[in-house]
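Working through the structure, step by step
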Amino acid sequence: MNNEFESSGGEQNIAQGDHAIGGQIRIYSIPTGELVEIIPMENEVEHEKNNDENQIIRKQESSLQESGEERQESEQSLMDEKNSSSLSIKYIQHLTAGSRNVKFALVITIVIFFAVDFGFQQNISYFLLFILLCFLGLLIAREHVLEYRIRKGLFGTNRTEARELIDFIIKNSDNLDFTDSNGNLRRALLPEAKDTAEEYVSSTLGEEARA
Amino acid sequence: MSIDQNDRLTSAISRAFDILLMKYPTRTGLGLVLGSCITVVVQLFEPGLRAINFMNFKAVPWYGWLPIGLFTMHIPTVISTFRQKSIGNDLIDQAIELIERGNFSKAEKRQQYRLLIEKVANAAALKQEFQRELKSIEKSLAAEGKTP
């Protein structure tokens, strides 16, 4: 193997002394200061280009998202309007309005009990207060359960509830407004909620899974 | 949870609430308030009530007044159970009985009840509309009768 270095002279290394290579670069190539200036400039141009592209993409995405959200909101509001106009919702509103006075009376009684207990030094049974508080809790819980059943479209699908709702419709047929704001007939019950398992599958795997 | 299970569970909870609240929460609540108020009043005015000879108010414990309050408020419930057993419409009662006796699955039964309620609501809406039209015709006829 021939280890001799052949050179025509042009590329001969003429550097000598300490930091010779660094000095050679400084002599024959671009000064390091300019290099430092040029590299960021190139980077900035690329970065600006990328930024512009990203901004355009972001704008398009946000406009798409906004239009999607608007559509969803309008659909949701339409659904809400339809749902709020059902007779079963009127029924729960009627029930809530009826029990509001009872709740108020219960709270007033509890307050009076405390006032009598502390003010008049009378030994009011705390068990009585407990009963009243329990009743208040039961009243609120019952309303929530009924509202849940109505919202899920389950209310009125057994003998007792069907009787209750029919009774309400017949008794209040003179006062109830059977038409909504568009003049269409209100529906009596909300549509049945989809099977939760089916909802889970469709939400995780999309519409294709259902198909 | 499937819709059948959801229906069964919430229906059972709702029924339990109905039992605890004695079917009519408003009446029960007001009965409890009345009973509690009587308890407090009796306790507060005990010295004065002692003067009444024919009645011993102290013999009734604090919880004794609650059933009295509840019963007082539920008198209309007692009367209504004797007076009206059904909704008052034979056709609706028959329809409910048919749905109950029919050999339907749970989903079918729910659907049948939904249909029944929708039909009742539609009939009530038509009746209301008919009555409104009737009133407007009567008014117009009355107005025509007044004008010479």
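Here goes a summary of the coordinates provided.

Here is what the cut-offs are and how they apply
- Residues numbered from 1 in each chain as written.
- Chains lettered and ligands numbered in written order.
- Predicted model: local features only at pLDDT ≥ 70, side-chain atom pairs only at ≥ 80, totals over all residues.
- Heavy atoms only, no water.
- Helix = DSSP H or I, 4+ residues; strand = E, 2+ residues; numbered from the N terminus.
- Contact = heavy atoms within 4.5 Å.
- Areas by Shrake-Rupley, 256 points an atom, 1.4 Å probe, with all protein chains shown as cover.
- Buried < 20%, exposed > 50% of the residue type's maximum accessible area, 1.4 Å probe, protein only.
- Arc of directions from axis to C-beta.
- Buried area = accessible area lost by both parts, 1.4 Å probe.
- Salt bridge = Lys/Arg side-chain N within 4 Å of Asp/Glu carboxyl O.

Looking now at the overall build of chain A. Counting secondary structure elements, chain A contains 7 helices and 0 strands. In chain A, the share of contacts with a sequence separation of at least 24, taken over all contacts with a separation of at least 6, comes to 60%. When the accessible surface of chain A is split by element, carbon and sulfur atoms take 54% of a total near 14800 Å².

Across its full length, chain B holds 7 helices and 0 strands. Along chain B, helices (α) and strands (β) appear in the sequence α-α-α-α-α-α-α when read from the amino end. Expressed as a percentage of its 148 residues, the buried residues of chain B come to 29%. Restricting to contacts in chain B with at least 6 residues of sequence separation, those with at least 24 account for 57%.

Glancing now at helix α4 (residues 65–73) of chain B. Those residues of α4 of chain B lying buried are Trp 65, Leu 66, Gly 69 and Leu 70 of chain B. Each buried residue of α4 of chain B lies within a common arc of 135° when the element is viewed along its axis, so the set occupies one face. Close packing links the buried residues of α4 of chain B with α4 (126–151) of chain A together with α2 (25–44) of chain B.

Before going further, it helps to examine the interface of chain B and chain A. Of the residues lining the interface, 50 residues belong to chain B; the matching set on chain A comes to 57 residues. Here chain B meets chain A over a buried area of about 4800 Å², counting both sides, of which 66% is carbon and sulfur. The largest share of the area that chain B buries against chain A comes from Trp 62, Arg 114 and Ile 117 of chain B, three residues that together contribute 13% of it. If you look at where chain B meets chain A, you find 5 salt bridges. Two residues, Asp 18 of chain B and Arg 142 of chain A, come together in a salt bridge whose shortest N-O distance is 3.3 Å.

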